[in-house]
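The primary structure of each chain is shown beneath.
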Amino acid sequence: MPLRIAVQKSGRLSESSLSLLKDCGIRIQRGKNALIAPATNFDLEVLYLRDDDIPQYVADGTADCGMLGENVVAEHEVKVVSDRKLGFAGCRLSLAVPRYVDYPGVAYFQGKKIATSYPVILNEFLRKQGVSAEIHEISGSVEIAPNIGLADGICDIVSTGSTLFSNGLKEVERVMRSEAVLISRPGLPAEKRTVLDKLLFRMDAVQRASDAKYIVMNVPNAKIDAVRSILPGIKSPTVFPLAEEGWSAIHSVVEEAHFWDIIDEVRAAGAEGIVVMPIQKMVK
Ligand code: PRT
Ligand code: ZN
């Protein structure tokens, strides 16, 4: 039996989930509208589901693992293991109130009505804060609830904040941060665990590469030590002599997050002709 991975059928997570599998070298053969599709070159099949169904399907063994938002995992309170953060679909679950409210702190919500699609997470948050409020569970368009008099505030996913803004609301409390994760069922049979570990190993290589850039630069020999001290590299940077006397080429790998700072520093230290290249995979 192949490892069965649940992926969101259509929505914000679908494209990134499928392109992650593709970047892991896995080819999926999907018939039109098929709910399940085998990989042609890996011991895996993809089950296409609504994201809300994924936690239960993984917990009861209909799927072995799945990719979905941490917010949905937390809301479903099922027994699954979170194996890896996937680095996409980053967002937060926040409480928001009408912009005109002079917000005094979380005690504002005492005795108030809050509309949300995340009653379990919200309930737990309010309990920890010692606040008791009335939770109205609604499944879509939560952001309009205060305007139609259904609630005093909302608890919903926020990414850029523009939905809140255009509905006259402001974010006042962050309840949780979320990104896409890969979850699996605890106690997978050994042969499926082996396939999942192989998949996670490939995902690591893809993620590490997407966080990194390969840079090559020319440096006068007298400045090599100064430039080397700035560059991290996987081990140490590689230095090659150039045909031109007195110059070398330094190759290194730089994390995306520190990329521009490092470029500024190596230029100041004497590096020239800096070329930056994307890295496809980085295997440890
Ligand atoms: O049909 P199905 O049930 O599978 O999908 P869905 O409609 O429940 O989920 P979908 O595809 O909208 O989102 C899937 C997951 O993406 C969520 O569970 C989150 O983990 C993650 N995610 C990341 C988001 C957002 N960003 C996001 N911005 N989910 C929803 N939003 C919505 C939010 O609900 C609000 O309406 O976007 C609006 C806010 O966005 P900003 O940019 O205006 O702040
Ligand atoms: Zn959903």
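Look up: the structure comes first, before these words.
Residue positions within a chain follow its written sequence, with the count starting from 1. Lettering of chains starts at A and numbering of ligands starts at 1, both following the order in which they are written. This being a predicted model, a pLDDT of at least 70 is required before a residue's local features are given, and a value of 80 or more before pairs of side-chain atoms are given or counted; all residues contribute to the totals for chains, interfaces and linings. Hydrogens and waters are ignored; side-chain quantities use all the structure's heavy atoms.

Participant: How would you summarise the overall build of the protein if you had to cite specific residues and measurements?
Facilitator: Elements are defined by DSSP. Helices are runs of H or I of four residues or more, strands are runs of E of two residues or more, and each kind is numbered from the N terminus. Counting its regular elements, the protein contains eight helices and 15 strands. Projecting the C-alpha coordinates of the protein onto the three principal axes gives extents of approximately 75 × 55 × 35 Å. Relative accessibility under 20% of the residue-type maximum defines a buried residue, over 50% an exposed one, and the middle range a partly exposed one, all with a 1.4 Å probe and only protein chains included. Here the protein holds 284 residues, and 45% of them are scored as buried. Residue-level accessible areas treat just the shown protein chains as cover; the underlying method is Shrake-Rupley with a 1.4 Å probe. Accessible surface computed for the protein: about 15300 Å², of which carbon and sulfur atoms make up 50%. Between the mean site of the 33 positive side-chain charges and the mean site of the 36 negative ones, the protein shows a separation of 3 Å. Neither His nor the chain ends is counted toward charge; the positive residues are Lys and Arg and the negative residues Asp and Glu. To locate a charge, the coordinates of NZ of Lys, CZ of Arg, CG of Asp or CD of Glu are taken.

Participant: Hey, could you go over helix α4 (residues 119-129) for me, with residue numbers and the actual values?
Facilitator: The set of residues buried in α4 consists of Pro 119, Ile 121, Leu 122, Phe 125 and Leu 126. Taken end-on, α4 shows its buried residues confined to a sector of 165°, consistent with a single buried face. α4 presents Arg 127 and Lys 128 as exposed residues on the side facing more than 90 degrees away from its buried surface. What makes two residues a contact is simply this: any of their non-hydrogen atoms within 4.5 Å. Taken together, the buried residues of α4 touch α3 (70-76), β6 (91-98), β7 (113-116), β8 (134-137), β9 (153-158) and β10 (169-178). Just downstream of α4 lies Gly 130, where phi reads positive at about 70°. The arc in question is the one traced by the directions running from the helix axis out to the C-beta atoms.

Participant: How would you sum up the nonpolar core? Please name residues and give values.
Facilitator: Within the largest apolar cluster, 58 residues are counted, with the highest numbers of intra-cluster contacts made by Leu 44, Met 67, Leu 95, Phe 109, Leu 182, Leu 199 and Met 203. At six residues, helix α6 (residues 190-210) tops the list of elements feeding residues into this core. For each domain, the first and last residues come from an automatic or database assignment. Taken domain by domain, the makeup of this core includes at least three residues from each of domain 1 (3-88 + 179-209) and domain 2 (91-178). The term nonpolar core refers to a set of buried residues drawn from Ala, Val, Leu, Ile, Met, Phe, Trp, Tyr and Cys, joined through side-chain atoms within 4.5 Å.

Participant: Before we move on, can you summarise the sheet that holds β6 with the specific residues and values?
Facilitator: In this description, strands pair whenever DSSP reports at least two bridges between them. Reading across the sheet, the five strands line up as β8-β7-β9-β6-β10 and stay open at both edges, with mixed pairing between neighbours. The open sheet has two edge strands with one neighbour each: β8 and β10. Between one strand and the next, the sheet's axes are offset by a mean angle of 25°, whatever the strand orientation. Sheet topology places β7 next to β9; three bridges connect them, and they run parallel. If you follow Ile 114 over to β9, its bridge partner there is Gly 153. Simply put, an axis is a line fit to the C-alpha atoms, just over the touching stretch for a helix, and the angle between two N-to-C directions goes from 0 to 180 degrees.

Participant: Give me the lowdown on the site of ligand 1, citing residues and values where you can.
Facilitator: Residue proximity to a molecule or strand is established when one non-hydrogen atom of the residue lies within 4 Å of it. Residues in close proximity to ligand 1 total 20 residues, the closest being Asp 52, Asn 71, Thr 160, Gly 161 and Thr 163. Any N or O atom pair separated by 3.5 Å or less is treated as a polar contact, with the protein-specific requirement of one donor-capable and one acceptor-capable atom, and with residues adjacent in sequence counted only for side-chain atom pairs. Within the side chain of Gln 8, an N or O atom sits 2.8 Å from an oxygen atom of ligand 1. Between Arg 12 and ligand 1, the recorded distance is 2.8 Å, taken from a backbone N or O atom to an oxygen atom. Breaking the shell around ligand 1 down by element, the ones donating at least two residues are α3, β9 and α5 (162-166). A total of three residues in the shell around ligand 1 trace back to one element, the largest contributor, which is β9. Of the residues contributing to the shell around ligand 1, the split by class is six nonpolar, nine polar and five charged. Counting residues domain by domain, the shell around ligand 1 receives three or more from each of domain 1 (3-88 + 179-209) and domain 2 (91-178). Basically, the charged four are Asp, Glu, Lys and Arg, the nonpolar ten are Ala, Val, Leu, Ile, Met, Phe, Trp, Tyr, Cys and Pro, and anything else, Gly included, counts as polar.

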